[in-house]
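Each chain is listed here by its residues.
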Amino acid sequence: MPKHLAIIMDGNGRWAKRHLQMRTFGHEAGAQKIQQITEFCAKYGIAYLSLYAFSTENWKRPKTEVHFLMRLLEEYLDSKFSTYLDNNIIFKTIGDLSIFSPNLQQKIHALELTTKEKCTGLTQILALNYGSKDELCRAFLKLTLAQEQTFNIDAIENALDTAGIPPVDMLVRTGGEMRLSNFLLWQSAYAELFFTKTLWPDFSKEELETMLLEFKNRNRRFGGL
Ligand code: IPE
Ligand code: IPE
Ligand code: MG
């Protein structure tokens, strides 16, 4: 059983294209999928679920798509507030939020604070304006400013956005690409990798369950024997 599962939710645009729709339609369908998979993971007993929602590189997309994604995120936070509480899910974000509008930042922090106070179940970690390289740069800057003398593994891990969260045990990427696209590079050093051609809006709890069964049979050696 993985303690920490990370998912690169890829393939929304291609899913929309397949349905002869605009890319935005795919993002809407993708956002809907988040709740279903999160609830399944909570029932399955997974403690931490990290979801890649928007990368530091995704700003390269056309302005209209970026703008749509920001609005979708805001709507998602508004509409799902009570769902987190009802399902006992702790909401957390990683990534550099400083780029977001003060209103959006306030909504994110409100959900983080309320669920931290009231919930005790699965921690869902949404990666927003997240990139591993950016996270590491911010961590090194933090350590330098704190005049930290020792740049050892523990010190670096405590300065990452994921401080206090166990390493990724299992990493899933939907959408058919076989790459990590700057997601949790440090934290996935010993993660078991799973790639599927299924596009994120079509991903199902049944497919995830099959992967979880395979995970159990993998022999994790961590460099030992
Ligand atoms: C993933 O789907 C969602 C985000 C990156 C925001 P994509 O939008 O990357 O979908 P494809 O890869 O173009 O199909
Ligand atoms: C990775 O998907 C980022 C998210 C899922 C948020 P991309 O679609 O941005 O990745 P690349 O560009 O194919 O590597
Ligand atoms: Mg993509």
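Note that the coordinates shown come from a computational prediction; the quantities given were computed from them, not determined experimentally. Note on numbering: residues in each chain are counted from 1, in written sequence order. Chain A is the first chain written and ligand 1 is the first ligand written, with later ones labelled in order. With the structure being a predicted model, the display of local features is reserved for residues of pLDDT at least 70 and the display and counting of side-chain atom pairs for 80 or more, all residues being used for whole-chain, interface and lining totals. For the side-chain quantities, the full set of heavy atoms in the structure was used; hydrogens and water were omitted.

Asks: Is there a simple way to explain the environment of Tyr48 in this structure?
Replies: Under the DSSP-based scheme used, a helix requires at least four consecutive residues in state H or I and a strand at least two consecutive residues in state E, with every element numbered from the N terminus. Structurally, Tyr48 is set in strand S2 (residues 48-52). Along the backbone, Tyr48 and Pro166 are 118 residues apart, and their C-alpha atoms lie at a distance of 8.2 Å. Between two residues, a contact is recorded if the distance between any of their heavy atoms is within 4.5 Å. Residue contacts for Tyr48: discarding those within four places in its chain leaves Lys3, His4, Leu5, Thr123, Ile125, Gly164, Ile165 and Pro166.

Asks: What am I meant to see in the layout of surface pockets here?
Replies: Over the atoms, a rolling probe the size of a water molecule traces out where space has been left empty. Of the two site types, the cavity is a set of points on a 1 Å grid over the protein atoms alone where a 1.4 Å probe fits but cannot get out, and the pocket is an open set with protein on both sides within 12 Å along at least five of seven lines, each lined by residues with an atom within 4 Å of a point. Grid points are joined across faces, edges and corners, and a volume is the space filled by probe spheres set on the points. When its volume is computed, the largest pocket comes out at roughly 770 Å³. Those elements that place two or more of their residues in the lining of the largest pocket are helix H1 (12-18), helix H2 (23-44) and helix H3 (63-86). Lys, Arg, Asp and Glu make up the charged group, whereas Ala, Val, Leu, Ile, Met, Phe, Trp, Tyr, Cys and Pro make up the nonpolar group; the residues left over, Gly among them, are polar. Looking at the lining of the largest pocket residue by residue, the classes come out as 15 nonpolar, 8 polar and 9 charged. The wall of the second largest pocket is formed by Glu157, Asn158, Leu160, Thr162, Ala163, Gly164, Ile165, Pro166, Pro167, Trp186, Gln187 and Ala189. Tallied by class, residues from the lining of the second largest pocket come to 7 nonpolar, 4 polar and 1 charged.

Asks: Got a minute to help me understand the site of ligand 1 in this structure?
Replies: For each residue, the test is whether any non-hydrogen atom lies within 4 Å of the molecule or strand; if one does, the residue is near. Neighbouring ligand 1 are Met9, Asp10, Gly11, Asn12, Gly13, Arg14, Arg23, His27, Ala53, Asn58, Arg61 and Leu69. Any N or O atom pair separated by 3.5 Å or less is treated as a polar contact, with the protein-specific requirement of one donor-capable and one acceptor-capable atom, and with residues adjacent in sequence counted only for side-chain atom pairs. Backbone polar atom of Arg14 to an oxygen atom of ligand 1: 2.7 Å apart, as the coordinates give it. Between ligand 1 and the protein, one listed contact pairs an oxygen atom with a side-chain N or O atom of Arg61 at 2.8 Å. Residue exposure ignores everything except the shown protein chains as possible cover, and the areas themselves are Shrake-Rupley values with a 1.4 Å probe. Burial of ligand 1 by the surrounding chains reaches 87%, relative to a free accessible area of 380 Å². One can see that ligand 1 is located within the largest pocket. Residue assignment for the shell around ligand 1 shows that the elements contributing at least two residues are H1 and H2. Among the elements that make up the shell around ligand 1, the one with the highest residue count is H1 (3 residues). Tallied by class, residues from the shell around ligand 1 come to 3 nonpolar, 5 polar and 4 charged. The way we define it, a molecule is inside a pocket or cavity when more than half of its atoms are within 2 Å of that pocket's grid points.

Asks: So what exactly am I meant to see when it comes to the pairing of strand S6 (residues 192-195) here?
Replies: Regular strands place side chains that alternate from one sheet face to the opposite one. Burial along S6 is one-sided: Glu192 and Phe194 are buried, and none of Leu193 and Phe195, which face the opposite way, are. In this analysis, strands are considered paired if DSSP registers two or more bridges between them. With 4 bridges connecting them, strand S5 (residues 170-173) and S6 associate as parallel partners. Residue pairing for S6: Val172 is matched across the bridge by Phe194. Only protein chains enter the area calculation, which uses a 1.4 Å probe; residues under 20% of their type maximum are buried, those over 50% are exposed, and those in between are partly exposed.

Asks: Quick question: what am I supposed to make of the site of ligand 2 here?
Replies: If you check the shell around ligand 2, you find Ile8, Met9, Asp10, Tyr52, Ala53, Phe54, Asn58, Arg61, Arg173, Arg179 and Ser181 and nothing else. Interatomic distance of 2.9 Å between a side-chain N/O atom of Asn58 and an oxygen atom of ligand 2. Residue Ser181 places a side-chain N or O atom 2.6 Å away from an oxygen atom belonging to ligand 2. In this structure, ligand 2 is accommodated by the largest pocket. Considered class by class, the residues forming the shell around ligand 2 number 5 nonpolar, 2 polar and 4 charged.

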